[in-house]
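Examining the three-dimensional arrangement
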Amino acid sequence: MIDRAALASWYLEHARALPWRAEPTPYHVLLSELMCQQTRVETALPYFERFRARWPTVADLAAASEDEVVEAWAGLGYYSRARRLHQAARSAVARGGLPPTAAELADLPGIGPYTAGAIASIAFGEAVPAVDGNVDRVLARWHGVEEAVDSPSGKRAITAHAAALHADRAIAPGVLNQALMELGARVCKPRSPTCGTCPIRSGCTAREGDPSRFPVKRPRKAPVAITGVAGLLDRDGRTLAVRRAGTGLLGGLWGPPAVLEVDHDDLDALARAFADAGFSVRAAVPVATVRHVFSHRDLSCRVYRIEAEEAGGRGAAWSDVRWEPHGRGMSSLGRKIVAAGRADAPLLAADSRIL
DNA sequence: AACGCGGGGTC
DNA sequence: GACCCAGCGTT
(Lines give C-alpha, C1' and ligand atoms only; values in the text may rest on other atoms or scores of the structure.)
Protein backbone atom coordinates (compact mmCIF):
# COMPACT_ATOMS: atom_id res chain seq x y z
CA MET A 1 0.00 0.00 0.00
CA ILE A 2 1.21 3.45 -0.90
CA ASP A 3 2.13 5.56 2.13
CA ARG A 4 -0.67 8.08 1.75
CA ALA A 5 0.34 10.14 4.76
CA ALA A 6 3.84 10.61 3.35
CA LEU A 7 2.37 11.48 -0.05
CA ALA A 8 -0.05 14.02 1.42
CA SER A 9 2.54 15.74 3.59
CA TRP A 10 4.93 15.92 0.65
CA TYR A 11 2.19 17.55 -1.39
CA LEU A 12 1.24 20.07 1.27
CA GLU A 13 4.87 21.13 1.43
CA HIS A 14 5.71 21.14 -2.28
CA ALA A 15 2.49 22.01 -4.07
CA ARG A 16 2.84 24.78 -6.59
CA ALA A 17 0.81 27.89 -5.78
CA LEU A 18 -1.60 27.70 -8.71
CA PRO A 19 -4.39 30.28 -8.96
CA TRP A 20 -7.15 27.68 -8.99
CA ARG A 21 -5.71 26.14 -5.85
CA ALA A 22 -5.96 29.43 -3.98
CA GLU A 23 -9.70 29.49 -4.53
CA PRO A 24 -10.89 26.10 -5.80
CA THR A 25 -14.47 26.99 -6.58
CA PRO A 26 -16.34 24.60 -8.89
CA TYR A 27 -16.10 27.15 -11.71
CA HIS A 28 -12.37 27.70 -11.25
CA VAL A 29 -11.74 23.97 -11.18
CA LEU A 30 -13.89 23.45 -14.26
CA LEU A 31 -12.00 26.16 -16.09
CA SER A 32 -8.56 24.92 -15.07
CA GLU A 33 -9.31 21.28 -15.77
CA LEU A 34 -10.66 21.89 -19.25
CA MET A 35 -7.66 24.06 -20.07
CA CYS A 36 -5.21 21.53 -18.70
CA GLN A 37 -6.50 18.61 -20.77
CA GLN A 38 -3.45 17.47 -22.76
CA THR A 39 -1.89 20.81 -21.95
CA ARG A 40 0.91 21.77 -19.56
CA VAL A 41 -0.10 23.71 -16.49
CA GLU A 42 2.35 26.50 -17.34
CA THR A 43 0.77 26.86 -20.78
CA ALA A 44 -2.76 27.06 -19.40
CA LEU A 45 -1.95 29.55 -16.63
CA PRO A 46 -2.20 32.83 -18.59
CA TYR A 47 -5.39 31.63 -20.29
CA PHE A 48 -6.92 30.82 -16.91
CA GLU A 49 -6.15 34.29 -15.64
CA ARG A 50 -7.59 35.97 -18.72
CA PHE A 51 -10.77 33.88 -18.63
CA ARG A 52 -11.25 34.48 -14.92
CA ALA A 53 -10.77 38.20 -15.35
CA ARG A 54 -13.10 38.44 -18.33
CA TRP A 55 -15.75 35.99 -17.11
CA PRO A 56 -15.57 35.94 -13.29
CA THR A 57 -18.46 33.53 -12.81
CA VAL A 58 -19.89 30.55 -14.64
CA ALA A 59 -22.94 32.69 -15.39
CA ASP A 60 -20.72 35.30 -17.06
CA LEU A 61 -19.16 32.64 -19.24
CA ALA A 62 -22.54 31.19 -20.10
CA ALA A 63 -23.72 34.64 -21.14
CA ALA A 64 -20.82 35.05 -23.58
CA SER A 65 -21.11 34.00 -27.19
CA GLU A 66 -19.37 30.85 -28.38
CA ASP A 67 -17.33 32.90 -30.85
CA GLU A 68 -15.98 35.05 -28.05
CA VAL A 69 -14.97 32.02 -26.05
CA VAL A 70 -13.29 30.25 -28.97
CA GLU A 71 -11.40 33.41 -29.88
CA ALA A 72 -10.19 33.83 -26.31
CA TRP A 73 -9.02 30.22 -26.48
CA ALA A 74 -6.96 30.90 -29.63
CA GLY A 75 -3.46 29.48 -29.32
CA LEU A 76 -4.31 26.94 -26.65
CA GLY A 77 -5.27 24.17 -29.06
CA TYR A 78 -7.95 21.48 -29.11
CA TYR A 79 -10.61 24.09 -29.73
CA SER A 80 -13.53 21.74 -29.20
CA ARG A 81 -12.64 22.18 -25.53
CA ALA A 82 -13.62 25.84 -25.77
CA ARG A 83 -17.00 25.05 -27.30
CA ARG A 84 -17.65 22.31 -24.75
CA LEU A 85 -16.59 24.53 -21.87
CA HIS A 86 -19.08 27.09 -23.05
CA GLN A 87 -21.80 24.44 -23.43
CA ALA A 88 -20.99 23.04 -20.00
CA ALA A 89 -21.25 26.51 -18.49
CA ARG A 90 -24.67 27.05 -20.06
CA SER A 91 -25.81 23.64 -18.94
CA ALA A 92 -24.59 24.29 -15.41
CA VAL A 93 -26.38 27.63 -15.24
CA ALA A 94 -29.55 26.08 -16.58
CA ARG A 95 -29.56 23.52 -13.78
CA GLY A 96 -28.61 26.00 -11.08
CA GLY A 97 -24.91 25.29 -10.82
CA LEU A 98 -22.36 22.61 -11.42
CA PRO A 99 -23.51 19.25 -10.04
CA PRO A 100 -21.43 17.98 -7.10
CA THR A 101 -20.84 14.36 -8.11
CA ALA A 102 -18.57 12.82 -10.72
CA ALA A 103 -21.45 10.81 -12.15
CA GLU A 104 -23.48 13.93 -12.86
CA LEU A 105 -20.52 15.99 -13.99
CA ALA A 106 -19.63 13.34 -16.58
CA ASP A 107 -22.91 14.12 -18.32
CA LEU A 108 -21.71 17.60 -19.18
CA PRO A 109 -19.95 18.22 -22.51
CA GLY A 110 -16.17 18.09 -22.36
CA ILE A 111 -16.16 16.36 -19.00
CA GLY A 112 -14.91 12.79 -19.20
CA PRO A 113 -13.83 10.35 -16.49
CA TYR A 114 -10.71 12.28 -15.48
CA THR A 115 -12.23 15.75 -15.41
CA ALA A 116 -15.36 14.56 -13.62
CA GLY A 117 -13.23 12.98 -10.91
CA ALA A 118 -11.02 16.04 -10.64
CA ILE A 119 -13.88 18.51 -10.23
CA ALA A 120 -15.84 16.25 -7.89
CA SER A 121 -12.87 15.56 -5.63
CA ILE A 122 -11.20 18.98 -5.65
CA ALA A 123 -14.24 21.25 -5.61
CA PHE A 124 -16.75 19.04 -3.81
CA GLY A 125 -14.67 16.56 -1.80
CA GLU A 126 -16.09 13.43 -3.33
CA ALA A 127 -13.92 10.33 -2.82
CA VAL A 128 -13.40 9.42 -6.48
CA PRO A 129 -10.21 8.90 -8.50
CA ALA A 130 -8.95 11.35 -11.11
CA VAL A 131 -6.61 9.51 -13.44
CA ASP A 132 -4.60 11.70 -15.78
CA GLY A 133 -1.24 11.03 -17.46
CA ASN A 134 0.61 11.74 -14.23
CA VAL A 135 -1.43 9.27 -12.24
CA ASP A 136 -1.01 6.70 -15.01
CA ARG A 137 2.74 7.00 -14.64
CA VAL A 138 2.95 7.08 -10.85
CA LEU A 139 0.67 4.12 -10.30
CA ALA A 140 1.95 2.07 -13.26
CA ARG A 141 5.43 2.38 -11.83
CA TRP A 142 4.49 1.78 -8.22
CA HIS A 143 2.37 -1.27 -8.95
CA GLY A 144 4.34 -2.48 -11.97
CA VAL A 145 1.35 -2.42 -14.31
CA GLU A 146 2.40 -4.18 -17.51
CA GLU A 147 -0.77 -3.48 -19.48
CA ALA A 148 -0.81 -0.41 -21.71
CA VAL A 149 -2.32 2.44 -19.69
CA ASP A 150 -3.98 3.80 -22.82
CA SER A 151 -5.91 0.57 -23.31
CA PRO A 152 -9.28 0.10 -21.62
CA SER A 153 -8.06 -2.74 -19.41
CA GLY A 154 -4.90 -0.91 -18.43
CA LYS A 155 -6.91 2.21 -17.62
CA ARG A 156 -9.27 0.12 -15.51
CA ALA A 157 -6.32 -1.32 -13.58
CA ILE A 158 -4.88 2.13 -12.85
CA THR A 159 -8.29 3.50 -11.91
CA ALA A 160 -8.84 0.62 -9.50
CA HIS A 161 -5.51 1.31 -7.81
CA ALA A 162 -6.37 5.01 -7.61
CA ALA A 163 -9.83 4.32 -6.21
CA ALA A 164 -8.42 2.03 -3.53
CA LEU A 165 -6.43 4.93 -2.12
CA HIS A 166 -9.69 6.65 -1.19
CA ALA A 167 -11.03 3.57 0.59
CA ASP A 168 -11.27 4.88 4.15
CA ARG A 169 -10.96 8.56 3.22
CA ALA A 170 -7.83 8.85 5.31
CA ILE A 171 -6.75 11.77 3.12
CA ALA A 172 -8.99 14.47 1.69
CA PRO A 173 -9.89 13.25 -1.83
CA GLY A 174 -8.88 16.46 -3.54
CA VAL A 175 -5.53 16.51 -1.78
CA LEU A 176 -4.85 12.87 -2.56
CA ASN A 177 -5.66 13.21 -6.26
CA GLN A 178 -3.67 16.40 -6.65
CA ALA A 179 -0.78 14.88 -4.72
CA LEU A 180 -0.55 12.02 -7.21
CA MET A 181 -0.61 14.46 -10.11
CA GLU A 182 1.91 16.79 -8.53
CA LEU A 183 4.21 13.89 -7.76
CA GLY A 184 4.02 12.78 -11.38
CA ALA A 185 4.81 16.28 -12.59
CA ARG A 186 7.63 17.06 -10.18
CA VAL A 187 9.27 13.78 -9.10
CA CYS A 188 7.95 10.75 -10.96
CA LYS A 189 8.70 12.40 -14.30
CA PRO A 190 8.54 10.63 -17.66
CA ARG A 191 12.31 10.69 -18.02
CA SER A 192 14.93 10.66 -15.30
CA PRO A 193 12.57 10.52 -12.32
CA THR A 194 14.17 11.59 -9.05
CA CYS A 195 13.34 8.47 -7.10
CA GLY A 196 15.72 9.43 -4.28
CA THR A 197 13.40 12.23 -3.19
CA CYS A 198 10.12 10.37 -3.74
CA PRO A 199 7.91 10.22 -0.64
CA ILE A 200 6.44 6.86 -1.72
CA ARG A 201 9.58 5.13 -3.02
CA SER A 202 9.14 2.43 -0.40
CA GLY A 203 7.30 -0.41 -2.10
CA CYS A 204 7.57 1.01 -5.60
CA THR A 205 7.98 -1.76 -8.18
CA ALA A 206 9.71 0.29 -10.85
CA ARG A 207 12.34 1.65 -8.47
CA GLU A 208 13.90 -1.82 -8.34
CA GLY A 209 14.47 -1.89 -12.10
CA ASP A 210 14.11 0.70 -14.84
CA PRO A 211 11.41 3.23 -13.95
CA SER A 212 11.33 4.62 -17.48
CA ARG A 213 9.96 1.24 -18.65
CA PHE A 214 6.63 2.35 -17.18
CA PRO A 215 4.00 3.26 -18.05
CA VAL A 216 3.63 0.88 -20.98
CA LYS A 217 1.88 2.62 -23.87
CA ARG A 218 0.64 1.57 -27.25
CA PRO A 219 2.79 2.79 -30.13
CA ARG A 220 1.48 5.97 -31.66
CA LYS A 221 1.23 6.70 -35.33
CA ALA A 222 3.40 9.32 -36.93
CA PRO A 223 1.59 12.40 -38.26
CA VAL A 224 0.66 12.18 -41.92
CA ALA A 225 2.54 14.67 -44.08
CA ILE A 226 0.33 17.10 -45.99
CA THR A 227 0.88 20.30 -47.91
CA GLY A 228 -1.18 23.43 -48.31
CA VAL A 229 -1.22 27.06 -49.36
CA ALA A 230 -1.98 30.31 -47.59
CA GLY A 231 -2.23 33.89 -48.79
CA LEU A 232 -1.39 37.22 -47.17
CA LEU A 233 -3.37 40.19 -48.39
CA ASP A 234 -2.43 43.43 -46.65
CA ARG A 235 -4.34 46.67 -46.55
CA ASP A 236 -3.48 49.66 -44.41
CA GLY A 237 -1.19 47.57 -42.25
CA ARG A 238 -3.80 44.88 -41.67
CA THR A 239 -4.01 41.34 -42.95
CA LEU A 240 -7.11 39.73 -44.37
CA ALA A 241 -8.30 37.06 -41.96
CA VAL A 242 -11.06 34.51 -42.31
CA ARG A 243 -12.83 32.34 -39.78
CA ARG A 244 -12.76 28.68 -40.77
CA ALA A 245 -16.16 27.06 -40.92
CA GLY A 246 -17.13 23.85 -39.17
CA THR A 247 -15.74 22.06 -36.14
CA GLY A 248 -12.97 20.06 -37.79
CA LEU A 249 -9.30 20.96 -37.86
CA LEU A 250 -9.02 24.59 -36.70
CA GLY A 251 -12.78 24.95 -37.13
CA GLY A 252 -13.99 28.33 -35.91
CA LEU A 253 -10.46 29.72 -35.79
CA TRP A 254 -9.24 32.91 -37.43
CA GLY A 255 -6.28 33.10 -39.75
CA PRO A 256 -5.16 34.17 -43.21
CA PRO A 257 -7.03 32.31 -45.97
CA ALA A 258 -5.43 28.87 -46.16
CA VAL A 259 -6.24 25.64 -47.94
CA LEU A 260 -4.91 22.36 -46.61
CA GLU A 261 -4.39 19.12 -48.51
CA VAL A 262 -3.49 20.83 -51.78
CA ASP A 263 -0.13 21.17 -53.55
CA HIS A 264 2.28 23.98 -52.78
CA ASP A 265 1.68 25.50 -56.21
CA ASP A 266 -2.09 25.10 -56.36
CA LEU A 267 -2.89 28.72 -57.08
CA ASP A 268 -6.37 27.79 -58.24
CA ALA A 269 -7.18 26.58 -54.76
CA LEU A 270 -5.69 29.75 -53.31
CA ALA A 271 -7.70 31.90 -55.72
CA ARG A 272 -10.90 30.07 -54.75
CA ALA A 273 -10.09 30.64 -51.08
CA PHE A 274 -9.86 34.37 -51.69
CA ALA A 275 -12.93 34.33 -53.89
CA ASP A 276 -14.78 32.79 -50.94
CA ALA A 277 -13.63 35.78 -48.94
CA GLY A 278 -14.86 38.18 -51.61
CA PHE A 279 -11.61 38.96 -53.43
CA SER A 280 -10.35 38.41 -56.96
CA VAL A 281 -6.65 37.55 -57.00
CA ARG A 282 -4.46 39.32 -59.52
CA ALA A 283 -1.08 38.00 -58.45
CA ALA A 284 0.42 35.59 -55.95
CA VAL A 285 4.09 35.68 -55.03
CA PRO A 286 5.55 32.91 -52.85
CA VAL A 287 7.37 34.31 -49.84
CA ALA A 288 7.91 31.40 -47.48
CA THR A 289 7.09 27.83 -46.59
CA VAL A 290 6.08 27.20 -43.01
CA ARG A 291 5.88 23.88 -41.23
CA HIS A 292 3.27 23.23 -38.60
CA VAL A 293 2.86 19.89 -36.86
CA PHE A 294 -0.49 18.88 -35.43
CA SER A 295 -0.95 15.74 -33.40
CA HIS A 296 -2.01 13.84 -36.52
CA ARG A 297 -0.84 16.00 -39.46
CA ASP A 298 2.55 17.36 -40.45
CA LEU A 299 1.76 20.39 -42.57
CA SER A 300 4.07 22.14 -44.98
CA CYS A 301 2.29 25.30 -46.06
CA ARG A 302 3.50 27.64 -48.80
CA VAL A 303 2.74 31.25 -48.03
CA TYR A 304 2.03 33.71 -50.85
CA ARG A 305 1.78 37.45 -50.83
CA ILE A 306 -1.42 38.34 -52.62
CA GLU A 307 -2.55 41.21 -54.77
CA ALA A 308 -6.30 41.28 -55.19
CA GLU A 309 -9.31 43.49 -55.67
CA GLU A 310 -12.64 43.32 -53.99
CA ALA A 311 -15.10 41.24 -55.98
CA GLY A 312 -17.91 40.86 -53.48
CA GLY A 313 -19.74 37.70 -52.56
CA ARG A 314 -18.64 35.02 -50.19
CA GLY A 315 -18.33 31.24 -50.34
CA ALA A 316 -18.94 28.57 -47.76
CA ALA A 317 -15.32 27.98 -46.77
CA TRP A 318 -15.31 30.83 -44.27
CA SER A 319 -17.94 31.81 -41.75
CA ASP A 320 -16.62 35.35 -41.42
CA VAL A 321 -14.03 37.77 -42.83
CA ARG A 322 -12.25 40.75 -41.33
CA TRP A 323 -9.05 42.80 -41.44
CA GLU A 324 -6.80 41.71 -38.63
CA PRO A 325 -4.24 44.17 -37.31
CA HIS A 326 -1.97 41.98 -35.22
CA GLY A 327 -2.69 38.32 -35.66
CA ARG A 328 -4.30 38.21 -32.24
CA GLY A 329 -7.18 35.83 -31.87
CA MET A 330 -5.64 33.62 -34.54
CA SER A 331 -4.63 30.00 -34.30
CA SER A 332 -0.93 29.37 -33.88
CA LEU A 333 -0.75 28.32 -37.51
CA GLY A 334 -2.37 31.61 -38.50
CA ARG A 335 0.14 33.60 -36.47
CA LYS A 336 2.96 31.59 -37.98
CA ILE A 337 1.74 32.38 -41.50
CA VAL A 338 1.49 36.09 -40.69
CA ALA A 339 4.98 36.03 -39.20
CA ALA A 340 6.35 34.38 -42.34
CA GLY A 341 5.04 37.29 -44.37
CA ARG A 342 6.56 39.89 -42.07
CA ALA A 343 9.98 38.26 -42.17
CA ASP A 344 12.67 39.89 -44.26
CA ALA A 345 12.97 36.84 -46.46
CA PRO A 346 13.68 37.86 -50.07
CA LEU A 347 10.80 37.43 -52.44
CA LEU A 348 11.24 34.43 -54.67
CA ALA A 349 10.77 36.32 -57.87
CA ALA A 350 11.67 33.32 -59.97
CA ASP A 351 8.66 31.45 -58.62
CA SER A 352 6.35 34.37 -59.03
CA ARG A 353 3.23 33.69 -61.02
CA ILE A 354 0.63 36.06 -62.32
CA LEU A 355 -2.89 34.75 -62.46
C1' DA B 1 -9.92 -0.18 -30.47
C1' DA B 2 -8.71 3.50 -33.44
C1' DC B 3 -9.04 8.01 -34.79
C1' DG B 4 -9.59 13.27 -34.85
C1' DC B 5 -8.25 17.05 -32.50
C1' DG B 6 -3.19 21.77 -31.10
C1' DG B 7 0.37 23.48 -29.46
C1' DG B 8 4.49 23.76 -27.05
C1' DG B 9 8.22 22.24 -23.64
C1' DT B 10 11.94 19.11 -22.97
C1' DC B 11 15.63 16.11 -23.66
C1' DG C 1 13.50 14.21 -33.85
C1' DA C 2 10.67 11.75 -30.15
C1' DC C 3 7.96 12.09 -26.32
C1' DC C 4 4.28 13.79 -23.77
C1' DC C 5 1.43 16.96 -21.35
C1' DA C 6 -4.30 17.68 -15.11
C1' DG C 7 -8.21 13.88 -22.27
C1' DC C 8 -12.67 13.78 -24.69
C1' DG C 9 -15.88 12.42 -28.19
C1' DT C 10 -16.90 9.80 -32.27
C1' DT C 11 -16.83 5.83 -35.10
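Refer to the structure printed above.
In this report, we go over the structure that sits alongside the text. Since the structure is predicted, the reported quantities are computational estimates derived from the model, not experimental observations.

1. Focus on the packing of aromatic side chains
The final tally for this structure, using the stated rule, is four aromatic pairs. Between Phe51 and Trp55, the ring centres sit 5.1 Å apart and the planes meet at 65 degrees, which makes this aromatic pair edge-to-face. Accessibility classification places Phe51 together with Trp55 in one group, the buried group. Seen in terms of ring centroids, Phe279 and Trp323 are 5.8 Å apart; in terms of plane orientation they differ by 85 degrees. Their pairing is edge-to-face. Residue Phe279 is located in strand S6 (residues 279-293), and its partner Trp323 is located in strand S8 (residues 318-324); the two are separated by 44 residues in the primary sequence. A connected cluster of aromatic rings, assembled from ring pairs, spans Phe51, Trp55 and Trp73. Arg50 extends its terminal NZ or CZ atom over the ring of Tyr47, reaching a point 4.7 Å from the ring centre.

2. Re the protein's contact with DNA strand C
Residues in close proximity to DNA strand C total 28 residues, the closest being Glu33, Gln38, Gly110, Asp132 and Arg137. Sugar plus phosphate, as a fraction of atoms of DNA strand C within 4 Å of the protein: 64%. At 2.9 Å from a phosphate oxygen of DNA strand C is found a side-chain nitrogen or oxygen belonging to Thr115. Listed by contribution, the elements that provide at least two residues to the surface near DNA strand C are helix H2 (19-22), helix H3 (26-36), helix H9 (113-124) and helix H10 (133-143). Of the residues assigned to the surface near DNA strand C, the class counts are ten nonpolar, eight polar and ten charged.

3. Re unusual backbone geometry
The step from Phe214 to Pro215 runs through a cis peptide bond, and the omega angle for that step is -5 degrees. Summarising the element assignment, Pro215 is placed in the loop between helix H13 (205-208) and strand S1 (224-232). Of note, the phi angle at Tyr78 is positive, near 45 degrees, even though the residue is not glycine. As for its position among the elements, Tyr78 is in the loop between helix H6 (66-73) and helix H7 (80-94). The backbone phi angle of Asp236 is positive, close to 55 degrees, even though this residue is not glycine. By the element assignment, Asp236 lies in the loop between strand S2 (234-235) and strand S3 (238-244).

4. Topic: H9
Within an α-helix, residues lying three or four positions from one another point in the same direction, as the helix has 3.6 residues per turn. With twelve residues, H9 should cover 16 Å at 1.5 Å per step; its first-to-last C-alpha distance of 16 Å lies within 8% of that length. Counting buried positions along H9 gives nine out of twelve residues, so the element sits mostly inside the fold. By the burial criterion, the buried members of H9 are Tyr114, Thr115, Ala116, Gly117, Ala118, Ile119, Ala120, Ser121 and Ile122. Buried residues along H9 sit against H3, helix H8 (102-105) and helix H12 (173-186). Two residues or fewer past H9, Gly125 is found with a positive phi of approximately 75 degrees.

5. Quick notes on the protein's contact with DNA strand B
Near DNA strand B, the surroundings consist of 22 residues, among which Tyr78, Tyr79, Pro152, Lys221 and Leu250 are the closest. With respect to DNA strand B, the side chain of Arg191 contributes an N or O atom lying 3.4 Å from a base oxygen. Leu249 places a main-chain nitrogen or oxygen 3.2 Å from a phosphate oxygen of DNA strand B. Residues that form the surface near DNA strand B fall into these classes: seven nonpolar, ten polar and five charged.

6. So, the packing of H6 against H7
H7 packs onto H6 with a crossing angle of 135 degrees between their chain directions and a minimal axis gap of 9 Å. Overall, the two elements H6 and H7 adopt an arrangement that is oblique. Here the hand of the crossing between H6 and H7 comes out right-handed. Contacts from Glu66, Val69, Val70 and Trp73 of H6 reach H7 at Arg81, Ala82, Arg83, Leu85, His86 and Gln87. For the contact of H6 with H7, the class distribution of residues is five nonpolar, two polar and three charged.

7. Some thoughts on the environment of Thr159
Along the chain, the position of Thr159 falls in helix H11 (residues 152-164). Thr159 sits 75 residues away from Arg84 along the chain, and the two C-alpha atoms are 25 Å apart. Not counting residues up to four positions away in its chain, the partners in contact with Thr159 are Pro129 and Val131.

8. Description of the side chain of His28
Structurally, the position occupied by His28 is in helix H3. A distance of 2.8 Å separates the side chain of His28 from the backbone oxygen of Glu23, its partner in a polar contact. Those residues in contact with His28, other than ones at most four positions away along the chain, are Trp20, Glu23, Phe48 and Arg52.

Criteria and cut-off values
Positions within a chain are numbered from 1, following the residues in the order the chain's sequence is written. Lettering of chains starts at A and numbering of ligands starts at 1, both following the order in which they are written. In keeping with the predicted nature of the model, local features appear solely for residues at pLDDT of at least 70, side-chain atom pairs appear and are counted solely at 80 or more, and the whole-chain, interface and lining totals rest on all residues. No hydrogens and no water enter the side-chain calculation; it runs on all heavy atoms of the structure. Stacked, edge-to-face and tilted are the three classes for Phe, Tyr and Trp ring pairs, Trp counted by its six-membered ring, which pair at centre distances within 6.5 Å; planes under 30 degrees apart are stacked, over 60 edge-to-face, the rest tilted. In this scheme, a residue with accessible area under 20% of its type's maximum is buried, one over 50% is exposed, and one in between is partly exposed, where area comes from a 1.4 Å probe on protein chains only. By the criteria applied, helices consist of DSSP H or I runs no shorter than four residues and strands consist of E runs no shorter than two, each listed in order from the N terminus. Over a ring means this: the NZ of a Lys or the CZ of an Arg is within 6 Å of the ring centre and within 35 degrees of the ring normal. Nearness is defined per residue: one heavy atom within 4 Å of the molecule or strand is enough. Side-chain atoms alone can form a polar contact between residues adjacent in sequence; in general such a contact is a pair of N or O atoms within 3.5 Å, and within protein one must be able to donate a hydrogen while the other accepts it. Residues are grouped as follows: Ala, Val, Leu, Ile, Met, Phe, Trp, Tyr, Cys and Pro are nonpolar; Asp, Glu, Lys and Arg are charged; every other residue, Gly included, is polar. One less than the number of residues in a helix, times 1.5 Å, gives the span that helix is expected to have. Two residues qualify as a contact provided that any one of their heavy atoms is within 4.5 Å of a heavy atom in the partner residue. A fitted line through C-alpha atoms represents every axis, and for helices the fit uses only the stretch in contact; the resulting angles, taken between N-to-C directions, go from 0 to 180 degrees. Should an angle fall under 35 degrees it is taken as roughly parallel, and over 145 as roughly antiparallel, whereas 65 to 115 is taken as roughly perpendicular and any remaining angle as oblique. Helix crossings are classified by the rotation of the near helix relative to the far one: an anticlockwise turn of less than a right angle makes the crossing left-handed, while a clockwise turn makes it right-handed.

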